[in-house]
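# Per-entry structural report
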Amino acid sequence: MTDTLPVTERSRLRRLHERGHFDRDTINAILDAQPMCHVGYVMEGRPYVTPTLQWREGNHVYWHGSSASRALRAQKEAEVCLTVSILDGFVLARSGMHHSLNTRSVMLFGTAFKVEDPEEKLTKLGNFVNQLYPGRYETLRPDHAQDLKATTVMGMEISEGAAKLRAGGPKDEDEDYALPIWAGEIPVRMVVGEPIPDPRNLEGVEMPDHVRDFRYL
(Lines give C-alpha, C1' and ligand atoms only; values in the text may rest on other atoms or scores of the structure.)
Protein backbone atom coordinates (compact mmCIF):
# COMPACT_ATOMS: atom_id res chain seq x y z
CA MET A 1 0.00 0.00 0.00
CA THR A 2 1.43 3.35 -1.07
CA ASP A 3 1.34 6.53 1.04
CA THR A 4 -0.67 8.33 -1.64
CA LEU A 5 -3.65 7.45 -3.80
CA PRO A 6 -3.17 7.49 -7.56
CA VAL A 7 -4.44 10.54 -9.43
CA THR A 8 -7.13 9.25 -11.79
CA GLU A 9 -9.42 10.83 -14.33
CA ARG A 10 -12.21 10.75 -11.74
CA SER A 11 -10.21 12.02 -8.78
CA ARG A 12 -8.00 14.73 -10.28
CA LEU A 13 -8.97 18.36 -9.66
CA ARG A 14 -9.74 20.25 -12.86
CA ARG A 15 -9.10 23.62 -11.24
CA LEU A 16 -7.56 24.98 -8.02
CA HIS A 17 -5.14 22.08 -8.03
CA GLU A 18 -3.39 23.36 -4.90
CA ARG A 19 -6.43 22.40 -2.84
CA GLY A 20 -6.20 18.75 -3.82
CA HIS A 21 -4.48 16.21 -1.58
CA PHE A 22 -3.94 12.55 -2.37
CA ASP A 23 -1.86 11.47 0.62
CA ARG A 24 -3.48 8.93 2.91
CA ASP A 25 -2.65 10.87 6.07
CA THR A 26 -4.77 13.84 4.99
CA ILE A 27 -7.60 11.66 3.68
CA ASN A 28 -7.64 9.47 6.79
CA ALA A 29 -7.59 12.46 9.14
CA ILE A 30 -10.75 13.89 7.55
CA LEU A 31 -12.54 10.53 7.54
CA ASP A 32 -11.67 10.04 11.20
CA ALA A 33 -12.79 13.56 12.15
CA GLN A 34 -16.27 13.40 10.61
CA PRO A 35 -18.43 10.27 10.86
CA MET A 36 -21.28 11.80 8.83
CA CYS A 37 -21.01 10.89 5.16
CA HIS A 38 -23.06 10.61 1.98
CA VAL A 39 -23.01 7.57 -0.30
CA GLY A 40 -23.91 8.02 -3.95
CA TYR A 41 -25.06 5.07 -6.05
CA VAL A 42 -27.40 4.10 -8.89
CA MET A 43 -30.58 2.14 -8.25
CA GLU A 44 -32.87 1.04 -11.07
CA GLY A 45 -31.09 3.40 -13.43
CA ARG A 46 -31.49 6.48 -11.25
CA PRO A 47 -28.94 8.29 -9.04
CA TYR A 48 -29.40 8.42 -5.27
CA VAL A 49 -27.39 9.86 -2.39
CA THR A 50 -27.93 8.54 1.13
CA PRO A 51 -26.65 10.17 4.32
CA THR A 52 -25.25 7.76 6.89
CA LEU A 53 -22.37 7.29 9.32
CA GLN A 54 -18.98 5.90 8.28
CA TRP A 55 -15.94 4.63 10.10
CA ARG A 56 -12.47 3.76 8.92
CA GLU A 57 -10.43 0.67 9.70
CA GLY A 58 -7.00 0.79 8.12
CA ASN A 59 -7.37 1.00 4.35
CA HIS A 60 -11.14 0.43 4.32
CA VAL A 61 -14.17 2.56 5.08
CA TYR A 62 -17.43 1.05 6.37
CA TRP A 63 -21.07 2.06 6.79
CA HIS A 64 -24.17 0.22 7.92
CA GLY A 65 -27.95 0.21 7.77
CA SER A 66 -31.05 -1.93 7.81
CA SER A 67 -30.93 -5.30 6.08
CA ALA A 68 -34.26 -4.33 4.52
CA SER A 69 -32.69 -1.28 2.86
CA ARG A 70 -33.06 -1.20 -0.91
CA ALA A 71 -30.19 1.27 -1.00
CA LEU A 72 -27.72 -1.13 0.60
CA ARG A 73 -28.83 -3.96 -1.66
CA ALA A 74 -28.26 -1.71 -4.67
CA GLN A 75 -24.78 -0.79 -3.43
CA LYS A 76 -23.53 -4.38 -3.08
CA GLU A 77 -20.80 -5.09 -5.66
CA ALA A 78 -21.64 -1.79 -7.36
CA GLU A 79 -19.69 1.40 -8.01
CA VAL A 80 -20.33 3.97 -5.30
CA CYS A 81 -19.04 7.40 -4.35
CA LEU A 82 -18.61 8.24 -0.65
CA THR A 83 -18.07 11.81 0.51
CA VAL A 84 -17.28 13.45 3.84
CA SER A 85 -17.36 17.22 4.36
CA ILE A 86 -16.43 19.51 7.25
CA LEU A 87 -17.36 23.19 7.22
CA ASP A 88 -14.70 25.32 8.93
CA GLY A 89 -15.81 28.82 7.98
CA PHE A 90 -17.46 31.33 5.68
CA VAL A 91 -15.17 33.55 3.61
CA LEU A 92 -16.42 37.02 2.71
CA ALA A 93 -14.66 38.79 -0.16
CA ARG A 94 -15.00 42.19 -1.82
CA SER A 95 -16.99 40.76 -4.72
CA GLY A 96 -19.67 38.12 -4.88
CA MET A 97 -17.48 36.07 -7.20
CA HIS A 98 -14.76 35.52 -4.60
CA HIS A 99 -16.88 34.62 -1.59
CA SER A 100 -15.99 31.09 -0.53
CA LEU A 101 -15.99 28.48 2.22
CA ASN A 102 -13.21 27.02 4.31
CA THR A 103 -13.77 23.30 4.18
CA ARG A 104 -12.14 19.90 4.49
CA SER A 105 -13.63 17.17 2.33
CA VAL A 106 -12.93 13.72 0.94
CA MET A 107 -14.44 12.02 -2.08
CA LEU A 108 -13.82 8.29 -2.54
CA PHE A 109 -14.67 6.02 -5.46
CA GLY A 110 -14.84 2.24 -5.45
CA THR A 111 -16.85 -0.96 -5.44
CA ALA A 112 -18.84 -1.57 -2.28
CA PHE A 113 -18.90 -5.00 -0.68
CA LYS A 114 -21.11 -6.55 1.96
CA VAL A 115 -19.51 -7.94 5.12
CA GLU A 116 -20.97 -11.45 5.04
CA ASP A 117 -19.23 -13.30 7.88
CA PRO A 118 -21.32 -12.94 11.09
CA GLU A 119 -18.29 -12.77 13.39
CA GLU A 120 -16.59 -10.18 11.21
CA LYS A 121 -19.79 -8.14 11.07
CA LEU A 122 -20.09 -8.25 14.86
CA THR A 123 -16.49 -7.08 15.20
CA LYS A 124 -17.04 -4.24 12.71
CA LEU A 125 -20.13 -3.00 14.54
CA GLY A 126 -18.26 -3.10 17.85
CA ASN A 127 -15.43 -1.10 16.30
CA PHE A 128 -17.96 1.42 15.00
CA VAL A 129 -19.42 2.03 18.46
CA ASN A 130 -16.00 2.18 20.14
CA GLN A 131 -14.58 4.65 17.63
CA LEU A 132 -17.32 7.10 18.59
CA TYR A 133 -17.44 6.23 22.29
CA PRO A 134 -14.22 4.45 23.35
CA GLY A 135 -14.92 1.40 25.48
CA ARG A 136 -18.71 1.63 25.31
CA TYR A 137 -19.42 -1.51 23.30
CA GLU A 138 -18.01 -3.76 26.03
CA THR A 139 -20.46 -2.23 28.54
CA LEU A 140 -23.57 -2.95 26.45
CA ARG A 141 -25.79 -6.00 26.48
CA PRO A 142 -24.57 -8.51 23.88
CA ASP A 143 -26.14 -8.21 20.45
CA HIS A 144 -28.95 -10.65 19.79
CA ALA A 145 -28.86 -12.81 16.69
CA GLN A 146 -31.80 -10.77 15.39
CA ASP A 147 -29.80 -7.55 15.86
CA LEU A 148 -27.15 -8.84 13.50
CA LYS A 149 -29.69 -10.26 11.07
CA ALA A 150 -31.42 -6.88 10.88
CA THR A 151 -28.17 -5.00 10.19
CA THR A 152 -26.09 -4.84 7.01
CA VAL A 153 -22.48 -3.66 7.04
CA MET A 154 -21.00 -2.38 3.80
CA GLY A 155 -17.36 -1.61 3.09
CA MET A 156 -15.06 -0.21 0.43
CA GLU A 157 -11.32 -0.16 -0.03
CA ILE A 158 -9.75 3.29 0.07
CA SER A 159 -7.98 3.07 -3.28
CA GLU A 160 -9.25 5.98 -5.39
CA GLY A 161 -10.21 9.47 -4.39
CA ALA A 162 -8.93 12.76 -3.06
CA ALA A 163 -9.16 15.27 -0.26
CA LYS A 164 -9.89 18.93 -0.93
CA LEU A 165 -9.01 21.65 1.56
CA ARG A 166 -9.40 25.39 1.74
CA ALA A 167 -8.23 27.60 4.63
CA GLY A 168 -7.53 31.28 5.13
CA GLY A 169 -9.06 34.56 4.08
CA PRO A 170 -10.46 35.85 0.80
CA LYS A 171 -8.44 36.08 -2.38
CA ASP A 172 -9.64 39.19 -4.15
CA GLU A 173 -8.57 40.78 -7.39
CA ASP A 174 -5.77 43.29 -6.81
CA GLU A 175 -7.82 46.37 -7.64
CA ASP A 176 -10.61 45.32 -5.25
CA TYR A 177 -8.37 45.68 -2.17
CA ALA A 178 -8.76 49.46 -2.55
CA LEU A 179 -12.54 49.24 -2.05
CA PRO A 180 -14.07 50.26 1.33
CA ILE A 181 -15.69 46.85 1.83
CA TRP A 182 -15.26 44.63 4.89
CA ALA A 183 -13.79 41.24 4.04
CA GLY A 184 -12.61 38.34 6.16
CA GLU A 185 -13.61 35.03 7.69
CA ILE A 186 -16.41 33.83 9.95
CA PRO A 187 -15.08 30.65 11.61
CA VAL A 188 -17.50 27.77 12.17
CA ARG A 189 -17.13 24.94 14.66
CA MET A 190 -19.29 22.12 15.96
CA VAL A 191 -20.05 22.41 19.67
CA VAL A 192 -20.89 19.40 21.86
CA GLY A 193 -23.54 20.16 24.45
CA GLU A 194 -24.00 18.78 27.94
CA PRO A 195 -25.20 15.14 27.96
CA ILE A 196 -28.90 14.68 28.78
CA PRO A 197 -29.59 11.50 30.78
CA ASP A 198 -32.48 9.25 29.77
CA PRO A 199 -35.18 9.66 32.43
CA ARG A 200 -35.49 5.86 32.50
CA ASN A 201 -31.88 5.35 33.58
CA LEU A 202 -31.76 3.22 36.71
CA GLU A 203 -31.05 5.03 39.93
CA GLY A 204 -27.38 5.07 40.76
CA VAL A 205 -26.15 4.53 37.19
CA GLU A 206 -23.25 6.92 36.75
CA MET A 207 -22.38 8.76 33.56
CA PRO A 208 -19.40 6.92 32.00
CA ASP A 209 -16.17 8.65 31.06
CA HIS A 210 -16.75 8.11 27.34
CA VAL A 211 -19.88 10.28 27.65
CA ARG A 212 -18.42 12.89 29.99
CA ASP A 213 -15.27 13.22 27.86
CA PHE A 214 -16.95 12.98 24.47
CA ARG A 215 -15.27 15.04 21.76
CA TYR A 216 -16.38 15.69 18.18
CA LEU A 217 -14.22 17.11 15.41
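Residues numbered from 1 in each chain as written. Predicted model: local features only at pLDDT ≥ 70, side-chain atom pairs only at ≥ 80, totals over all residues. Heavy atoms only, no water.

### So, unusual backbone geometry
Cut-off, in case you're wondering: A run of H or I in DSSP becomes a helix once it reaches four residues, and a run of E becomes a strand once it reaches two; helices and strands are each numbered from the N terminus. Only protein chains enter the accessibility calculation, which uses a 1.4 Å probe; a residue is then buried when its area is under 20% of its type maximum, exposed when over 50%, and partly exposed in between.
Of note, the phi angle at E44 is positive, near 55 degrees, even though the residue is not glycine. Within the secondary structure, E44 sits in the loop between β2 (36-43) and β3 (46-57). The class of E44 is exposed, set by a relative accessible area of 70%. At E77, a residue that is not glycine, the phi angle is positive and equals roughly 60 degrees. Inspection of the secondary structure puts E77 in the loop between α2 (70-75) and β5 (79-92).

### A word on helix α1 (residues 24-33)
Keep this limit in mind: The criterion used for residue contact is that any of the two residues' heavy atoms lie within 4.5 Å.
Of all ten residues that make up α1, seven are buried, and the element is covered over most of its length. Contact partners of the buried residues in α1: β1 (20-21), β3, β5, β6 (100-111) and β9 (160-165).

### Thoughts on helix α3 (residues 118-132)
Keep this limit in mind: Here, expected helix span is obtained from the residue count minus one, scaled by 1.5 Å.
The terminal C-alpha atoms of α3 lie 22 Å apart, and with 15 residues this matches the ideal 21 Å at 1.5 Å per residue to within 8%. When α3 is considered as a whole, its buried residues turn out to be K121, K124, L125, G126, F128, V129 and N130. Check the buried side of α3 and you find it contacts β3, β4 (60-66), α4 (145-149) and β8 (151-157).

### Some points on the pattern of salt bridges
Quick note on the threshold: Every case where a carboxyl oxygen of Asp or Glu lies within 4 Å of a side-chain nitrogen of Lys or Arg is listed as a salt bridge.
Summed over all chains, the structure comprises eleven salt bridges. For E9, the salt bridge goes to R12, with nearest N and O atoms at 3.4 Å. The partly exposed category is assigned to R12, whose relative accessible area is 35%. Ionic pairing is found between R141 and D147, a salt bridge with its closest N-O pair at 2.9 Å. Taken together, the salt bridges that share partners define one network made up of R10, E79 and E160.

### Brief notes about the nonpolar core
Under the convention used in this document: As used in this record, nonpolar core signifies buried Ala, Val, Leu, Ile, Met, Phe, Trp, Tyr and Cys residues forming a set joined through side-chain atoms within 4.5 Å.
Judged by nonpolar contacts, the single largest core of 24 residues is most densely connected at W63, L82 and L108. W55, F128, L148 and V153 belong to the second largest nonpolar core, which has seven residues in total.

### Describing a nonpolar patch on the surface
We count it as follows: The patches reported here contain residues having more than 30% relative accessible area and no salt bridge. Joining distances are 9 Å for like charges and 5 Å for nonpolar side chains (Val, Leu, Ile, Met, Phe, Trp, Tyr). Only the protein chains shown count as covering a residue, and every accessible area follows the Shrake-Rupley method with a 1.4 Å probe.
Judged by side-chain polarity, L87, F90, L101 and I186 come together as a nonpolar surface patch covering roughly 320 Å² of accessible area. Secondary-structure assignment places I186 in strand β10 (residues 184-187).

### Let's talk about the side chain of R24
Relative to the assigned elements, R24 resides in helix α1. Ignoring anything within four residues of it in the chain, the contact list for R24 reads M1, T2, D3, T4, L5, N59 and I158.

### Side note on the packing of aromatic side chains
Basically, it comes down to this: Only the six-membered ring of Trp is used, alongside the rings of Phe and Tyr, when aromatic pairs are assigned; centres must lie within 6.5 Å, and planes under 30 degrees apart are stacked while those over 60 apart are edge-to-face, with the rest tilted.
Scanning the model with the defined rule gives five aromatic pairs in all. Both rings, one in Y62 and one in F113, keep their centres 6.2 Å apart while their planes meet at 90 degrees; by these two values the pair is edge-to-face. With a gap of 51 residues between them, Y62 in strand β4 and F113 in strand β7 (residues 113-114) connect regions that are remote in the sequence. According to the relative accessible area criterion, Y62 is buried, its value standing at 5%. Taking the relative accessible area as the measure of exposure, F113 reaches 25% and is therefore partly exposed. Here the aromatic residues W55, Y62, F113 and F128 are joined through ring pairs into a cluster of three or more.

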